[in-house]
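Inside the fold
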Amino acid sequence: MGLYRDEGVVLRTQKLGEADRIITLLTRGHGRIRAVARGVRRTKSKFGARVEPFAHVDAQFFVKGSDFPGRGLPAITQVETLGAYGGGLVSDYPAYTAGTAILETAERLTDHEGEPALQQYLLLIGALRTLGAKSHEPALVLDAFLLRSLAVAGYAPSFADCARCGLTGPHRFFSVAGGGVVCGDCRPAGSVVPSPEALDLLGALLTGDWAGADASEPRYRREGSGLVAAYLQWHLERGIRSLRLVERSS
């Protein structure tokens, strides 16, 4: 038996019994883990509100026997709030729905419990802070997070050079299965021809060029979001349910 501490972001919660919850977190040191928060559904709970989705916390866990993070269900014994992002998002529908899609994607891209995923964790913290600061349109923050998370997971799309042969771009065609833009010689069946402006926007989001992204037109943002959603679904093999609720530029 033993105690350990880690900081993490609450991704989702599930009811357990009459008063407990299972809390899924993406942590700095142990990747995605699940833990039991006992009694948090009681009105007198000491830390019930601290383990809601979007919360950034420093938590202490109690582990039984030979169990380790990612195996079994440790119990959360202490929680300190490092960042309460949920309060600022629930009253802002575009930010809240974008944030919900971010949490769901973070969970899906860290599918091995107990396996460290520091880069994904840092991307998640950065995305939530940016949403909370309201410095960019929420849908842009979401697409930037999706692209960068896919890149960290090994699925970085190309928006300039041919994803198959490396021929210097720009190129007209985009293939979800091919890994991004492709040249005429490498173009597989099913390729689409997006606007150059939409591809430029996605390249800006992937590289962190916020000046370029913020200056983009709504029609290219919508087009780019469609490409990102299709690319994400291809690599996850099924879609992110929360994306259906995300509000896009009109």
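These lines cover the structure that appears in this document, whether it is placed above or below. A quick note: this is a predicted structure, and the numbers were derived from the prediction, not measured. (Residues numbered from 1 in each chain as written. Predicted model: local features only at pLDDT ≥ 70, side-chain atom pairs only at ≥ 80, totals over all residues. Heavy atoms only, no water.)

We now examine the overall build of the protein. The helix and strand inventory of the protein stands at seven helices and seven strands. When the helices and strands of the protein are read in sequence order from the N terminus, they spell out β-β-β-β-β-α-α-α-α-β-β-α-α-α. By the compact-globule yardstick of 18 Å for 250 residues, the protein fits well, its C-alpha radius of gyration being 20 Å. For the protein, the residues scored as buried account for 48% of the 250 residues in total. In the protein, of all internal contacts separated by at least 6 residues, the share reaching a separation of at least 24 is 60%. A total of about 12200 Å² of accessible surface is found on the protein, and carbon and sulfur atoms cover 50% of it. Charge separation in the protein, taken as the distance between the mean sites of 29 positive and 26 negative side-chain charges, equals 8 Å. (Helix = DSSP H or I, 4+ residues; strand = E, 2+ residues; numbered from the N terminus. Rg over C-alpha atoms; globule rule 2.2 N^0.38 Å. Buried < 20%, exposed > 50% of the residue type's maximum accessible area, 1.4 Å probe, protein only. Contact = heavy atoms within 4.5 Å. Areas by Shrake-Rupley, 256 points an atom, 1.4 Å probe, with all protein chains shown as cover. Lys, Arg positive; Asp, Glu negative; His and termini not counted. Charge placed at Lys NZ, Arg CZ, Asp CG, Glu CD.)

Assignment of secondary structure puts R5 in strand β1 (residues 2-16). Along the primary structure R5 and R164 are separated by 159 residues, whereas in three dimensions their C-alpha atoms are 44 Å apart. Among the polar contacts made by the side chain of R5, one reaches the side chain of D58 at a distance of 3.1 Å. (Polar contact = N/O pair within 3.5 Å; in protein donor to acceptor, adjacent residues only side chain to side chain.)

Time to look at the nonpolar core. In terms of nonpolar packing, the biggest core is built from 44 residues, with L124, L142, L205 and L243 touching the most fellow members. Looking at which element gives the most residues to this core, the answer is helix α4 (residues 138-152), with eight residues. L124 has contacts with V9, L11, L26, I102, L103, A106 and F145, leaving out every residue within four places of it along the chain. (Core = buried A, V, L, I, M, F, W, Y, C linked by side-chain atoms within 4.5 Å.)

What follows is about the environment of S195. Structurally, S195 is set in the loop between β7 (180-182) and α5 (196-207). For the pair S195 and K134, spaced 61 residues apart in sequence, the C-alpha to C-alpha distance is 28 Å. Here the side chain of S195 touches A198 through a polar contact of 3.1 Å, landing on its backbone nitrogen. Here E223 takes part through its side chain, which lies 2.7 Å from a polar atom of the side chain of S195.

Moving on to the side chain of Q120. By secondary structure assignment, the location of Q120 is in helix α3 (residues 118-133). Residue Q120 is classed as buried on the basis of its relative accessible area, which comes to 6%. When neighbours within four sequence positions are excluded, Q120 is seen to be in contact with L26, L109, T110, S149, V152 and A153.

Here the focus is the packing of aromatic side chains. Within the structure shown, the criterion is met by three aromatic pairs. For the ring pair Y4 and F61, a centre distance of 5.0 Å and an interplane angle of 20° mean the geometry is stacked. Here Y4 is found in strand β1, whereas its partner F61 is found in strand β4 (residues 55-63), with 57 residues between them in sequence. Using a relative accessible area of 15% as the deciding quantity, one classes Y4 as buried. Ring centres 5.8 Å apart and planes at 55° place the aromatic pair F54 and Y96 in the tilted group. Here F54 is found in the loop between β3 (31-37) and β4, whereas its partner Y96 is found in helix α2 (residues 93-108), with 42 residues between them in sequence. (Phe/Tyr/Trp six-rings, centres within 6.5 Å; stacked < 30°, edge-to-face > 60°.)

Regular strands have side chains that alternate between both faces of the sheet. Bridge count between β1 and β4: eight bridges; the pairing is antiparallel. Bridging across to β4, R5 finds its partner in Q60. In the sheet, β1 pairs with strand β2 (residues 20-27) via eight bridges, with the strands oriented antiparallel. For G8, the partnering residue across the bridge sits in β2 and is T27. Taking the residues that link successive antiparallel strands as the turn, the β1-β2 hairpin has three residues, and the phi of G17 there is positive, at about 65°. (Pairing = 2+ DSSP bridges.)

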